[in-house]
Amino acid sequence: MRRWSSPRLAGPCQAQVNAHCLTSSGLPADGRLRLLSFNIQVGISTERYHHYVTRSWQHLLPHAGRASNLQRIGKLLDGYDLVALQEADGGSMRSGYVNQVEHLAQLGAFPYWYQQLNRNLGRFAQHSNGVLSRLEPQALEDHPLPGPSGRGAILMRFGEGEDALVVVMMHLALGGGTRSRQLAYIRELIGGYRHQVLMGDMNTHASDLLENSPLRDLGLLAPQIEATFPSWRPQRCLDHILLSPSLALERVDVLSQAAFSDHLPVAVEIRLPDALHGDAMPVVTGGTP
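Residues numbered from 1 in each chain as written. Predicted model: local features only at pLDDT ≥ 70, side-chain atom pairs only at ≥ 80, totals over all residues. Heavy atoms only, no water.

**Re the pairing of strand β11 (residues 195-201)**
- When you tally the buried positions in β11, you get 7 out of 7 residues, the bulk of the element.
- Where strand β10 (residues 165-171) meets β11, 7 bridges bridge the pair, whose relative direction is parallel. Residue L165 lies in a different strand from β11, and its bridge partner there is H195.
- Direction of pairing for β11 relative to strand β12 (residues 239-243): antiparallel, over a ladder of 5 bridges. Counterpart to G200 in the pairing with β12 is H240. (Buried < 20%, exposed > 50% of the residue type's maximum accessible area, 1.4 Å probe, protein only. Helix = DSSP H or I, 4+ residues; strand = E, 2+ residues; numbered from the N terminus. Pairing = 2+ DSSP bridges.)

**Examining the sheet that holds strand β14 (residues 266-271)**
- Pairing in this open sheet of 7 strands is mixed, and the strands run β2-β6-β7-β5-β4-β14-β13 from one edge to the other. Both outer strands of the open sheet, β2 (16-17) and β13 (248-254), are each paired with one neighbouring strand and no more.
- With 6 bridges joining them, strand β4 (residues 32-39) and β14 adopt antiparallel strand pairing. Bridging across to β14, S37 finds its partner in V266.
- Against the sheet, helix α3 (residues 100-107) contacts β5 (82-89), β6 (112-120) and β7 (126-133), and its axis sits at roughly 140° relative to β5. (Contact = heavy atoms within 4.5 Å. Axes fitted to C-alpha atoms, helices over the stretch in contact; angles between N-to-C directions.)

Here it is, written out as structure tokens:
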């Protein structure tokens with residue numbers, strides 16, 4: 001098969017901006033931040049195992065139901081400040097040439113968004129991760145992950161210096177050996193930060209991440225233990241939001257949205273350290289002015 005993409009290099013990049021959403025305010029006085037991670041399966045509604053066969057064509061061709069499903073997902077995202085998306089399409093034939101990351105940013109009135117293209121199959125598929133944010137990042141980096149092409153991580157930094165918050169969104173490999181190499185790479189990225197958040201579809205259980213992976217010395221917490229996959233009868237906990245001990249957990253949820261994807265979304269609410277309140281992390285309210 002012809003390859004459309006050239007080798008990718010890690011490096012800094014710029015978030016895209018929805019200018020009509022820029023209604024700025026400071027963080028809430030209590031410093032609460034609402035995070036969501038969701039593997040959206042390119043907008044395909046999967047409710048039974050046999051749908052992997054009967055609806056497999058939707059991974060290649062457009063489908064009218066995809067637009068309405070994205071509308072429902074957009075409504076779900078409205079209550080969150082920072083969203084990590086996995087298995088989004090960046091605008092190809094199967095998505096009706098709609099960049100799903102940009103589209104969800106518009107539906108949820110997120111002023112900042114970024115699409116990470118991990119596997120470019122031209123007009124047939126644009127396999128991507130995405131991030132939606134109401135906060136303007138001080139830095140954003142695109143990182144292809146080790147192993148076969150097609151996996152990536154997005155790093156965002158909020159604030160400056162030793163009190164900065166680093167957030168890494170990712171979609172990790174299925175194989176344990178490759179996944180370990182990817183986590184070692186991510187461990188190097190975040191090692192110099194005190195306040196850390198890792199979020200995404202990590203394709204393994206929390207105990208493996210915290211006890212048997214290169215992350216094991218960081219003291220991260222995995223507050224979410226409910227299963228997330230498959231969405232209609234959850235049996236495996238594959239989707240996570242991991243937190244450093246410096247970030248106080250207020251709430252954690254696995255959202256019961258079984259018809260939206262084959263994964264369930266994971267949400268947490270955290271309280272930030274005092275140094276990250278107010279002007280240190282400007283946030284943008286939802287909706288248009």
